Amino acid sequence: METIITHDEENKKFVTTIVGYEAVLEYKIADEKTINFYRTYVPGELRGRGIAGKLTNKGIEYAMEKGLKVIPGCSYVASFFKKNQQFNSLLG
């Protein structure tokens, strides 16, 4: 099943809803060159499906499109960068 992730720019989050449960990657714009991914949340019913990783990938794509550096402000995003070092050039 494809995970559809939308960017809710007004509320500064990337969102997916699966079987009625919402998973999110929330962010703050730290400055004109930096985005802080400060919170990921995946409900227990959806955990273990790689959803947090998909949300983080979508956030990273956005950062790259906008030329932003990334602050991994939550433990999941920090762990994601440690496991996916090809993105380390984005760290701010």
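Up top is the structure.
Keep in mind that this is a model prediction, so the values were computed, not measured.

Calculation rules
- Residues numbered from 1 in each chain as written.
- Predicted model: local features only at pLDDT ≥ 70, side-chain atom pairs only at ≥ 80, totals over all residues.
- Heavy atoms only, no water.
- Pairing = 2+ DSSP bridges.
- Helix = DSSP H or I, 4+ residues; strand = E, 2+ residues; numbered from the N terminus.
- Axes fitted to C-alpha atoms, helices over the stretch in contact; angles between N-to-C directions.
- Contact = heavy atoms within 4.5 Å.
- Core = buried A, V, L, I, M, F, W, Y, C linked by side-chain atoms within 4.5 Å.
- Buried < 20%, exposed > 50% of the residue type's maximum accessible area, 1.4 Å probe, protein only.
- Phe/Tyr/Trp six-rings, centres within 6.5 Å; stacked < 30°, edge-to-face > 60°.

1. Looking at the sheet that holds strand S4 (residues 34-41)
Part 1: Spatially, the five strands line up as an open sheet ordered S1-S2-S3-S4-S5, and their pairing is mixed. Lying at the two open borders of the sheet, with one neighbouring strand each, are strand S1 (6-8) and strand S5 (69-72). Averaged over neighbouring strand pairs, the angle between their axes works out to 30° when direction is ignored.
Part 2: Where S4 lies against S5, four bridges are found, and the strand directions are parallel. Residue pairing across strands places Asn36 opposite Ile71, the latter belonging to S5.
Part 3: Along the sheet face, helix H1 (residues 51-66) touches S1, strand S2 (13-18), strand S3 (21-31), S4 and S5 and points at about 145° away from the line of S2.

2. Thoughts on the nonpolar core
Part 1: Of all hydrophobic cores here, the largest spans 24 residues; its most connected members are Phe14, Ile35, Phe37, Ile51, Leu55, Val70 and Phe81.
Part 2: Of all the elements in the fold, those that place two or more residues in this core are S2, S3, S4, H1 and helix H2 (75-83).
Part 3: The greatest single-element share of this core, amounting to six residues, is contributed by H1.
Part 4: Excluding residues that lie within four positions of it along the chain, Phe37 makes contacts with Phe14, Leu25, Glu26, Tyr27, Gly59, Ile60, Val70, Ile71, Pro72, Gly73, Cys74 and Val77.

3. So, the environment of Phe14
Part 1: Secondary-structure assignment places Phe14 in strand S2.
Part 2: On the accessibility criterion, Phe14 (1% relative accessible area) is buried.
Part 3: As for Phe14 and Ala63, which are separated by 49 residues in sequence, their C-alpha atoms are 12 Å apart.

4. Quick notes on the packing of aromatic side chains
Part 1: Under the criterion given, the structure shown has seven aromatic pairs.
Part 2: Residues Phe14 and Tyr27 carry aromatic rings whose centres are separated by 5.7 Å and whose planes lie at 40° to one another, so their mutual orientation is tilted. You can see Phe14 sitting in strand S2 and its partner Tyr27 sitting in strand S3, a full 13 residues away along the chain. One exposure class covers both Phe14 and Tyr27, and it is buried.
Part 3: Seen from their ring centres, Tyr76 and Phe80 are 6.4 Å apart, and the 40° between their planes marks the pair as tilted.

These values are about where atoms sit, not about what they do.
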